[in-house]
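# Structural features, examined
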Amino acid sequence: MQLKQTICISAILLFVHASGCANNSSSSIDNNGTDTTKLPPVETKKANAEYKPAFKGQTRIAGTKTVTPYKAEIIAVKLGNPWAVIPMPDGRLLITIKSGFMEIHTAAGVLEKKITGFPKVDDGGQGGLLDVALDPSFSKNKTIYWSFSEKYGSGNLTAVAKGQLNEATGKIDNPTVIFRATPALNSSLHFGSRLVFDKDGNLFVSTGERSILEGRAQAQLLNSGLGKIFKITKDGKPAPGNPFINQKDAMPEIFAYGIRNAQSLDINPATGELWEAEFGPRGGDEVNIIKRGKNYGWPVITYGIEYAGPAIGNAIQQKTGMEQPVYYWDPTLSPSGMVFYSGNAIPEWKNNLFIGGLSGSHICRLVIVNNRVVGEERLLEDKKERFRDVAYYNGMLYAVTDNGNLYRINKK
Ligand SMILES: [Ca+2]
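Predicted, not measured: the structure shown is a model, and the values here were computed from it. (Residues numbered from 1 in each chain as written. Predicted model: local features only at pLDDT ≥ 70, side-chain atom pairs only at ≥ 80, totals over all residues. Heavy atoms only, no water.)

## Thoughts on the coordination of the calcium ion
- Coordination sphere of the calcium ion, protein contribution only: Glu286 (OE), Glu286 (OE) and Tyr296 (O), at 2.3 to 2.7 Å. Taken together, the positions of Glu286 in strand S16 (residues 285–290) and Tyr296 in the loop between S16 and strand S17 (327–329) put the pair ten residues apart, joining distant regions of the chain.
- Exposure remark for Glu286: the relative accessible area of 5% places this residue in the buried category.
- A residue is classified by how much of its surface remains accessible, and Tyr296, at 2% relative accessible area, is buried. (Donors = N, O, S within 2.8 Å, 3.2 Å for Na, K, Ca; no water. Helix = DSSP H or I, 4+ residues; strand = E, 2+ residues; numbered from the N terminus. Buried < 20%, exposed > 50% of the residue type's maximum accessible area, 1.4 Å probe, protein only.)

Take a look at the structure:
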């Protein structure tokens, strides 16, 4: 009896092992026997700039194609202008609406509650109520953090606030601004911004350089909040260990600098590192791995050119002391929100990066091995939508678009 059981269990283990191998070896081969990880690059249009990449595979990497059958459904419509979607611990979705409120939707997309009572946002151009993040102890303290464009002095800026989500009243309780990316300028563009918690319980915040030339130059200045990645505590103070805490005239909240306009941040589940995507000018949208104290080069180095055509600065793309992007696009994707897929439901998506594309009108899937992009795929290109944000929950992706649609992407 015991022997029989042992044989049986061994047989089961063998079967599991064998089928696991079969999955691994077949996951990139489609029904026609084509290796779907070595397709031609997805980008076929002429680049705006004739710049050469710093290393092979920094742009126009091999195309790849998802083999596991999946479906994309629109589960809510007419959301207005959604900017961010994040899952709550129970699988419901919290969605920010740019004009200044949030909505809670069920996992099936049904509107459950409108949340109001946020401080007034400067809703114009790219400004408004932008990203939202849940406190790591949200289930207990109901605290959320959000970024928004705020009228401040004679201009406007990117601010971060916190408060408690009161579902019973549909209000945000104790809304308090905890951080402002000064100085305020007069611009309706390039506010950033994403919020993501590090595993140490501090909050990363990205900002933009406000697009106007006065702000652009400040992306390189450590006494300015424009064009930066910040790391702050839950009260908006500099996170312990920040690189410029002891440097005179530097903002102690800065974690990294030389950023143009970053609307994408997420922690890579495979490495724990912070990844970012940012809008370049005409060409030169970037993906970066953000490291403490590093300079990401804008506007000194870039793979893009001015919208009007001339080179930016001295037309250089690489410089000692400035970080190279892991990947860049020319023509642009216009990367908005992004998320790593950390589940197993669609095996070939594990630890891939999914980035919402605005002008690119698709969700970009990047396959990453050893911190290099090895494959690119365009998802939902046929929908012709501007994808504003992408979220992950339990094997599924959710996405919101500028048309006000909420998508759920799931294994078939
Ligand atoms: Ca850069």
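## Points about the side chain of Lys231
- Counting through the fold element by element, Lys231 comes out in strand S12 (residues 228–232).
- Setting aside chain neighbours within four positions, we find Lys231 in contact with Asp198, Asp200, Asn202, Leu203, Phe204, Lys237, Pro238, Ala239, Asn242, Glu253 and Phe255. (Contact = heavy atoms within 4.5 Å.)

## Overview of the pairing of strand S2 (residues 82–87)
- Most of S2 sits out of view: five of its six residues are buried.
- Between S2 and strand S3 (residues 93–97), which follow one another and run antiparallel, lie five residues, and Gly91 among them has a positive phi close to 95°. (Pairing = 2+ DSSP bridges.)

## Remarks on the pairing of S3
- The element S3 is largely enclosed, with a buried count of five among its five residues.
- A two-sided burial pattern is seen for S3, the buried positions comprising Leu93, Ile95 and Ile97 on one face and Leu94 and Thr96 on the other.
- Strand direction decides the pairing type here: S2 and S3, joined by five bridges, are antiparallel. Bridged to Ala84 within S3 is Thr96.

## Details of the nonpolar core
- Of all hydrophobic cores here, the largest spans 20 residues; its most connected members are Leu94, Met102, Phe118, Ile144, Trp146 and Leu165.
- Looking at this core, the elements that each hand over two or more residues are strand S4 (101–105), strand S6 (129–134), strand S7 (143–152) and strand S8 (155–166).
- Setting aside anything within four residues of it in sequence, one finds Phe118 in contact with Gly100, Phe101, Met102, Leu129, Ile144, Trp146 and Ile172.
- Formed by 18 residues, the second largest nonpolar core is a distinct cluster that contains Ala133, Leu203, Ile232 and Tyr257. (Core = buried A, V, L, I, M, F, W, Y, C linked by side-chain atoms within 4.5 Å.)

## A closer look at the sheet that holds S12
- With respect to topology, four strands assemble into an open sheet ordered S10-S11-S12-S13, the strand pairing being antiparallel. Strands at the two margins of the open sheet, each flanked by one partner only, are strand S10 (195–197) and strand S13 (254–257). Put simply, the sheet's adjacent strands are angled 20° from each other on average, direction ignored.
- The pairing of strand S11 (residues 203–206) with S12 spans four bridges and is antiparallel. When the bridges of S12 are listed, Ser206 appears paired with Ile229. (Axes fitted to C-alpha atoms, helices over the stretch in contact; angles between N-to-C directions.)

## Some details on the sheet that holds strand S19 (residues 353–357)
- A sheet is described by the order of its strands in space; here four strands give the open sequence S18-S19-S20-S21, paired in antiparallel fashion. Across the chains shown, the open sheet's two edge strands, defined by having one partner strand only, are strand S18 (335–340) and strand S21 (372–379). For this sheet the average axis-to-axis angle between neighbouring strands, irrespective of direction, equals 25°.
- Sheet topology note: the S19/strand S20 (residues 363–369) ladder contains four bridges and is antiparallel. When the sheet's bridge partners are listed, Phe354 is paired in S20 with Arg365.

## As for the packing of aromatic side chains
- Summed over the entire model, instances satisfying the criterion amount to 14 aromatic pairs.
- Geometrically, the ring pair formed by Tyr70 and Trp349 is tilted, given 5.3 Å between the ring centres and 55° between the ring planes. Linking Tyr70 in strand S1 (residues 70–76) with Trp349 in the loop between S18 and S19, this pair joins segments that are 279 residues apart in sequence.
- The class for Tyr70 is partly exposed, based on a relative accessible area of 23%.
- In this structure Trp349 comes out as buried when scored by relative accessible area, which is 0%.
- When the ring of Tyr303 is compared with that of Tyr328, the centres are 3.9 Å apart and the planes differ by 10°; the resulting orientation is stacked. Of this pair, Tyr303 sits in the loop between S16 and S17 while Tyr328 is found in strand S17, placing the two residues 25 residues apart along the sequence. Of the two residues, Tyr303 and Tyr328, neither departs from the other in class, the shared state being buried.
- The rings of Tyr70, Tyr341, Trp349, Phe354 and Tyr392 are connected pair by pair, giving a single aromatic cluster.
- When the ring centre of Phe101 is taken as reference, the NZ or CZ atom of Lys114 above it lies at 4.2 Å. (Phe/Tyr/Trp six-rings, centres within 6.5 Å; stacked < 30°, edge-to-face > 60°. Lys NZ or Arg CZ within 6 Å of the ring centre and 35° of its normal.)

## Describing the environment of Lys120
- On the secondary structure map, Lys120 appears in the loop between strand S5 (111–115) and S6.
- A C-alpha to C-alpha distance of 30 Å links Lys120 and Ala108, two positions twelve residues apart in sequence.
- The contact partners of Lys120, leaving out residues within four places of it in the chain, are Phe148 and Ser149.

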